[in-house]
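Structural overview
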Amino acid sequence: MTDTRQTLIPIYSADKPQFRSYNLNNFRDIPQVARLSEQQQLDIEIVGNVLPFKVNNYVIEQLIDWDQVPNDPIFALTFPQRDMLSAEHYDEMATLLARGADKTEIKEAANRIRMQLNPHPAGQVDHNVPELDGERLHGMQHKYRQTLLFFPSQGQTCHAYCTFCFRWPQFVGLSDIKFASREVEKLVAYVKRNPQITDILFTGGDPMIMSAKNLAAYIEPLLSAELPNLVNIRIGTKVLGYWPHKFVDDDDTPEMLALFRKVTDSGKQLALMAHFNHPRELENDTVRQAIRNLREANVMIRTQSPVMRHINDDPALWARMWETQVKLGCVPYYMFLARDTGAQHYFSVTLVRAWQIFREAYQQVSGLARTVRGPSMSATPGKIQMLGVADAGDRKVMVMRFLQGRDPDWVQRPFFAEYNETATWLDELKPAFGAEKFFFEEALEQLFHEHNDDSTADDFE
């Protein structure tokens, strides 16, 4: 039978861009940084000694509007800002740098501050790490029944770091709170042992920082193993926003697209869980060609982002972003809330405001863009959506529901919280109508108790 599939022809040029990254050691070499005041440059250095900082030439040249800096949203998305630290933490680090403290003292102070910033929210360390034959698998997380997260060790960095990232501990040298694994054999064994798993999500960091050869070393064993329960392979990535050349004209672009085609030819679905935080990331020719190449390789692209102050807290912007994604063949998937970690105080919007933004944006788009769900919190018990504000007699209540839960029985069950127009996260809410606890709290406590008592908790979600 003749293979009539279209051959993928990435765009190449003699002067194709070469990736170059910048961090605290060399960011002052960026020509555009000379536009910043000395104080602004010092702020980057002070905050960047606590929260991770990395940017690249594509972001600098293609995404940031330097005429709008420091108010440009992509600048705030990638360059540390003074207010991302509390005044107390900023002053502590500024004092150390001003008096020329040695690297050891600076690192110790930075680590003390980091541990106060809730480095692993939503029970990632205590409750999400699975076990196999009594061994904790620290490069995996299994929170929800069907989906297993895997952290390939070569994928625990990114092309650039988002200043809001809830996985920031992966990048600051705290090895004892870092997820990473090279043990693909244990990945295969765990999926075999847990037939309820249908999806593996490769995450990081960013798995797409890896070469096609390194990524294949993780994916091909999944394809060759007998895993009838495995239906979907997902890759969580920011690469389309920060380095779309990965799928256009990088040295191993053909090999990467061929690997993706191999996945889909095997009968598995491959989904790229793409992070786009602002419409500008979708507007140049390189990212649009990258999306076309991925679609021709039968890759499904689903899109997601938190709603954040300083970046995208505007309904019109979200509507434009969703409409553009649909036009390019992507599927809007999630609007999240900024997680309760790191610089959340800088980015967070209230639950009520997030719902208003979502609702107003949703009203502006057609049904094809209404695949998106949100605003959603990835909290300890699960993904909880703020459905809205309702009148209940003489009072307002906040209506919530689980989109995903540690206990599948919680999913799609609505529940009510007292109206709180300043709350930004689940733990700031109280049950409505005089209830002492939300319906899931006792069951959650029991789940954690059972997990702690079970030394072979392979089936713990």
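**Things to note about the overall build of the chain**
Counting secondary structure elements, the chain contains 14 helices and 15 strands. A buried classification covers 58% of the 461 residues belonging to the chain. Taking the intrachain contacts of the chain between residues at least 6 apart in sequence as the baseline, contacts between residues at least 24 apart amount to 73%. Accessible surface for the chain amounts to roughly 19,900 Å². Of this, 46% is attributable to carbon and sulfur atoms.

**A few points about unusual backbone geometry**
A cis amide bond links V69 to the next residue, P70, at an omega of 15 degrees. Position of P70 among the secondary structure elements: in the loop between α2 (57-63) and α3 (73-78). Residues G374 and P375 are joined by a peptide bond in cis, for which omega reads -15 degrees. By the secondary structure assignment, P375 is in strand β12 (residues 373-378). Residue D133 is not a glycine yet carries a positive backbone phi of 55 degrees.

**Observations regarding the confidence of the model for the chain**
Chain-level statistics for the chain give a pLDDT mean of 89 and a share of 89% at 70 or above. Low confidence marks residues 1-14, where pLDDT is under 50. Its contacts with residues over four positions away, or in another chain, come to 21 contacts. Ignoring residues within four places in sequence, the model shows residues 454-461, a span with pLDDT below 50, making 29 contacts including any to other chains.

**Considering the sheet that holds strand β7 (residues 199-202)**
Within the open sheet, the eleven strands sit side by side as β5-β6-β7-β8-β9-β10-β11-β12-β13-β14-β15. Their pairing is mixed. For this open sheet the edge positions go to β5 (140-144) and β15 (414-418), each flanked by a neighbour on one side alone. Each adjacent strand pair in this sheet contributes to an overall mean axis angle of 30 degrees, direction not counted. Packed onto the sheet, helix α6 (residues 184-193) meets β5, β6 (147-150) and β7 and runs at close to 170 degrees relative to β6.

**Points about the packing of aromatic side chains**
In this structure the tally under the stated criterion is 28 aromatic pairs. Here the aromatic rings of Y333 and Y334 are separated by 4.6 Å at their centres, their planes lie at 65 degrees, and the arrangement is edge-to-face. Y334 carries the same exposure label as Y333, and that label is buried. Ring geometry for W410 and F440: centres 5.9 Å apart, planes at 50 degrees, overall tilted. With a gap of 30 residues between them, W410 in the loop between β14 (395-405) and β15 and F440 in the loop between β15 and α14 (441-453) connect regions that are remote in the sequence. An identical accessibility class is assigned to W410 and F440; each is buried.

**What to know about the environment of M377**
Summarising the element assignment, M377 is placed in strand β12. With 49 residues separating them in the primary sequence, M377 and L426 have C-alpha atoms 7.6 Å apart. Leave out the neighbours within four places in its chain, and M377 touches L337, L351, G382, K383, I384, M400, W425 and L426.

**Section: the packing of helix α1 (residues 38-48) against helix α4 (residues 87-98)**
Two numbers describe how α1 lies on α4: the axes approach to 9 Å, and their chain directions differ by 105 degrees. In terms of their interaxial angle, α1 and α4 are classed as roughly perpendicular. Counted together, Q39, D43, E45, I46 and V47 of α1 and Y90, M93, A94 and L97 of α4 form the full contact between these two elements. Residue composition of the contact of α1 with α4, by class: six nonpolar, one polar and two charged.

Conventions used here
Residues numbered from 1 in each chain as written. Predicted model: local features only at pLDDT ≥ 70, side-chain atom pairs only at ≥ 80, totals over all residues. Heavy atoms only, no water. Helix = DSSP H or I, 4+ residues; strand = E, 2+ residues; numbered from the N terminus. Buried < 20%, exposed > 50% of the residue type's maximum accessible area, 1.4 Å probe, protein only. Contact = heavy atoms within 4.5 Å. Areas by Shrake-Rupley, 256 points an atom, 1.4 Å probe, with all protein chains shown as cover. pLDDT = per-residue confidence, 0-100. Pairing = 2+ DSSP bridges. Axes fitted to C-alpha atoms, helices over the stretch in contact; angles between N-to-C directions. Phe/Tyr/Trp six-rings, centres within 6.5 Å; stacked < 30°, edge-to-face > 60°. Parallel < 35°, antiparallel > 145°, perpendicular 65-115°, else oblique. Nonpolar A, V, L, I, M, F, W, Y, C, P; charged D, E, K, R; others polar.

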